[in-house]
Amino acid sequence: MADSAKDNDVIEEEEEEETTTTTTTTKKTSQWRKTRSTKTSATTKTTTLTTPAKLYGKDLSEYDDVDVESLLAQLSAEEITILAKEVDPDDNFLPPDQRCSYECTKDATGPLNRKQLIEHINKQAIETPDQPEFEPFVQGKVRGKKWVPPPRDARDIEAEEQIAIDLGEEYEHALNDATQEEIIDLAAILGFHSMMNQDQYHASLLNKGQPVGMGWDGITKSTQQKLFPMDPPNSTDVEESIKRVKDDDSKLIDLNLNNIKNISDEKLEQLFAALPQNEHLEVLSLTNVGLTDKTALLLAEAIEKSKTLRVLNVETNFISPPVIVRLVQALLKCRTIEEFRASNQRSAVLGNKIEMEITDLVEKNSSLLRLGLHLEFNDARHRVAAHLQRNIDRIRKDLELRLQFRFFNNLHRKSTRIQ
């Protein structure tokens, strides 16, 4: 029992000594030493992993007891300024003017004047003398040490070497005896565009022969553009065309008024008023005629009552997106228009709302086959394209069924006649 009591006293004394050694903490200057602390249920031990850093050959622990504030108090203002210039605090939160050791002692001369600053820089550059050359320049003589590139690796040299291909005696003999024009033709056939210019390539494909002075060493020159004559102005008589539409001329099937810019709104109103009574007009083109929303609304009303119109083109005008929706809506009542074009209007972008309205109207139309409108959103484009393709497939199937019906009907008639 006595021995066990002594053992307990020894253990308690060791624990007390361990706790007293671990409660001592290091000072601020020991930040240069890497430490590791391990916690247990009773005590905390601190172990140094690396040797302490040194300053001027002395251990930093020797400066732990130095009072830095008392040392700074003994310095004068000039000495503190000199010390501050030698120290660059590594603190990103400080402004740059406090981190930089340079301080401008000159008085401010006023606001920045860019012109005067450039003139001052140019003046300083002119007045500053050039540095004298220790060795005069002599043509052909190298002054100083000449730069010699380091030797290249043998593996890089081997990789850049061309691979020798054994083509056989016949091919080698043919290539050796080939002329420059024949080699150029061969390069064009093989698709080596980088070995020739465009004139050589097209001349080889068209068998026109190589141009003079346009071999491998020839100078590439830009080809002159071909001048095409301007399209003649549209000579269609607007008043006569309106009269023919009113009279329901059977020969007037295609009316083209494109690029006639002097058509007044009154004439357009007369044309649109005569469209519902016409039963022969199938194609109406009104591209670049200055069509506005006012006249386009009248056109929409005329489309709803038209009976024979199949193609309508109103591209390059001044129609707003809501009126375009009104025109597409009028196609539902017409049921005869197969192609409608209305791109390049006053507003380059229709917008998501307008495109969705047009898409919904197109999906309800079972007769429309082609639509000339620039739709920005992918959803609208895909839905419109899918619906137009379904309309085309349905019409093709109907046509095939009609042809089959006619074929069997004619076959049945022939068989009845034979009987």
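See above for the structure.
A few points on the structure.

1. Digging into the side chain of T287
Item 1. In this structure, T287 sits in the loop between strand 6 (283-285) and helix 12 (293-305).
Item 2. Here T287 falls in the buried class, since its relative accessible area comes to 12%.
Item 3. Leave out the neighbours within four places in its chain, and T287 touches L257, N258, N259, N313, E315, T316 and N317.

2. Points about helix 14 (residues 352-364)
Item 1. The first and last C-alpha atoms of helix 14 sit 19 Å apart over 13 residues, in line with the 18 Å expected at 1.5 Å per residue.
Item 2. Where helix 14 is concerned, the buried positions are I354, E355, I358, T359, L361 and V362. The buried residues of helix 14 all sit within an arc of 165° when viewed along its axis, so they share a single face. Exposed positions of helix 14 whose direction lies more than 90 degrees from the buried face are K353 and K364.

3. Describing the packing of helix 11 (residues 265-274) against helix 12
Item 1. Remark: helix 11 packs on helix 12, axes separated minimally by 9 Å, with the N-to-C direction vectors making an angle of 10°. Judged on the interaxial angle alone, helix 12 and helix 11 are roughly parallel. On helix 12, the residues that touch D265, L268, E269 and F272 of helix 11 are K294, T295, L298, L299 and A302.

4. Points about the pattern of salt bridges
Item 1. Tallying each qualifying case throughout the model produces 14 salt bridges.
Item 2. For the salt bridge of R326 with E304, the shortest nitrogen-to-oxygen distance reads 2.9 Å. Remark: E304 occurs in helix 12 and R326 occurs in helix 13 (residues 321-334); sequence separation between them is 22 residues.
Item 3. Overall, E304 belongs to the partly exposed group, its relative accessible area being 22%.

5. A short note on a nonpolar patch on the surface
Item 1. A surface patch of nonpolar side chains, amounting to about 390 Å² of accessible area, comprises V68, L72, L75, I80 and L83.
Item 2. Of all the elements in the fold, those that place two or more residues in the nonpolar patch are helix 2 (68-73) and helix 3 (77-86).
Item 3. Structurally, the position occupied by L72 is in helix 2.
Item 4. Residue classification places L72 among the partly exposed residues on the basis of a relative accessible area of 40%.

About the criteria used
Residues numbered from 1 in each chain as written. Predicted model: local features only at pLDDT ≥ 70, side-chain atom pairs only at ≥ 80, totals over all residues. Heavy atoms only, no water. Helix = DSSP H or I, 4+ residues; strand = E, 2+ residues; numbered from the N terminus. Buried < 20%, exposed > 50% of the residue type's maximum accessible area, 1.4 Å probe, protein only. Contact = heavy atoms within 4.5 Å. Expected span 1.5 Å × (residues − 1). Arc of directions from axis to C-beta. Axes fitted to C-alpha atoms, helices over the stretch in contact; angles between N-to-C directions. Parallel < 35°, antiparallel > 145°, perpendicular 65-115°, else oblique. Salt bridge = Lys/Arg side-chain N within 4 Å of Asp/Glu carboxyl O. Patch = residues over 30% accessible without salt bridge, like charges linked within 9 Å, V, L, I, M, F, W, Y side chains within 5 Å. Areas by Shrake-Rupley, 256 points an atom, 1.4 Å probe, with all protein chains shown as cover.

Read these as layout, nothing more, since geometry by itself doesn't imply function.
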